Amino acid sequence: MTNQEPVSLKKKAKKAQEKVVASEAASPLVALLEGSGFRVQAENESTLSFPFEGGTYYLSVPAEGEDYYHVIFPNFWELADEEAFVKALVACDAVNREVKVVKLHTLDDDVWAGVEAFHESQEAFVRGLPRVLGFIQEAVRAFRDVMLAEVEEA
């Protein structure tokens, strides 16, 4: 496993946040991401965020010399009650069986999507990031389709 701190992303208030400086380990990765057109912000010294097609995605920064990357799309579906939670578990299970690479899961009262992978270099990770983001979006669409089909059948 990894020695990284787990990412904790609660819904943010709409107020302005202080600029956080990314760790030295993140600097080359930030430069690569920005060079590929991503607008990157440091959430803390081990987590970066960037907007992509209407959503905010988060990336756990690997420690120096590590090759493990975790891209997260948090809080994309709010769970209002126990019934919604149960439906979401069924939908997550259905999507996780069918969609490549992405894992959907519940956390508190929301559903999250994430991709965990090993890459030989930061450059390799950044080259593959658009594909990873596409896989996440595909999984989120599939989840929404399952959830909305459940609503239509009710």
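Here's what I pulled together on the structure shown here. Note that the coordinates shown come from a computational prediction; the quantities given were computed from them, not determined experimentally.

## Some remarks on the sheet that holds strand β2 (residues 47-52)
The pairing of strands in a sheet happens through backbone hydrogen bonds and is either parallel or antiparallel. The six strands lie next to each other as β1-β2-β3-β4-β6-β5, forming an open sheet whose pairing is antiparallel. The sheet terminates laterally at β1 (41-44) and β5 (103-107), the two strands that pair on one side only. The sheet shows a mean angle of 30 degrees between the axes of neighbouring strands, taken without regard to direction. Against the sheet, helix α1 (residues 27-35) contacts β2, β3 (55-60) and β4 (68-78), and its axis sits at roughly 5 degrees relative to β2. Seen against the sheet, helix α2 (residues 82-98) touches β5 and β6 (110-118) and runs at an angle of roughly 165 degrees to β5.

## Details of the packing of aromatic side chains
Considering all chains together, one arrives at 10 aromatic pairs under this definition. Arranged with centres 6.0 Å apart and planes meeting at 80 degrees, the rings of Phe52 and Tyr57 form a pair that is edge-to-face. Accessibility expressed as a relative area gives 2% for Tyr57, which makes it buried. Of the aromatic side chains, those joined through ring pairs into one cluster are Phe38, Phe50, Phe52, Tyr57, Phe73, Phe76, Trp77 and Phe143.

## Here's the deal with the nonpolar core
Membership of the largest hydrophobic core comes to 41 residues, with the highest contact counts inside it found for Leu48, Ile136 and Phe143. Among the secondary structure elements, those contributing two or more residues to this core are α1, β2, β3, β4, α2, β6 and α3 (122-153). When residues in this core are grouped by element, the largest group, 11 residues, is from α3.

## Here we look at the pairing of β3
Within β3, five of the six residues are buried, which leaves it mostly tucked inside the rest of the structure. Here β2 pairs with β3 via six bridges, running antiparallel. Looking at β3, one finds that Phe52 is bridged to Gly55. Connecting the antiparallel pair β2 and β3 is a turn made up of two residues, with Glu53 showing a positive phi of about 45 degrees. Here β3 pairs with β4 via three bridges, running antiparallel. Bridge assignment links Tyr58 to a residue of β4, and that residue is Ile72.

About the criteria used
Residues numbered from 1 in each chain as written. Predicted model: local features only at pLDDT ≥ 70, side-chain atom pairs only at ≥ 80, totals over all residues. Heavy atoms only, no water. Pairing = 2+ DSSP bridges. Helix = DSSP H or I, 4+ residues; strand = E, 2+ residues; numbered from the N terminus. Axes fitted to C-alpha atoms, helices over the stretch in contact; angles between N-to-C directions. Contact = heavy atoms within 4.5 Å. Phe/Tyr/Trp six-rings, centres within 6.5 Å; stacked < 30°, edge-to-face > 60°. Buried < 20%, exposed > 50% of the residue type's maximum accessible area, 1.4 Å probe, protein only. Core = buried A, V, L, I, M, F, W, Y, C linked by side-chain atoms within 4.5 Å.

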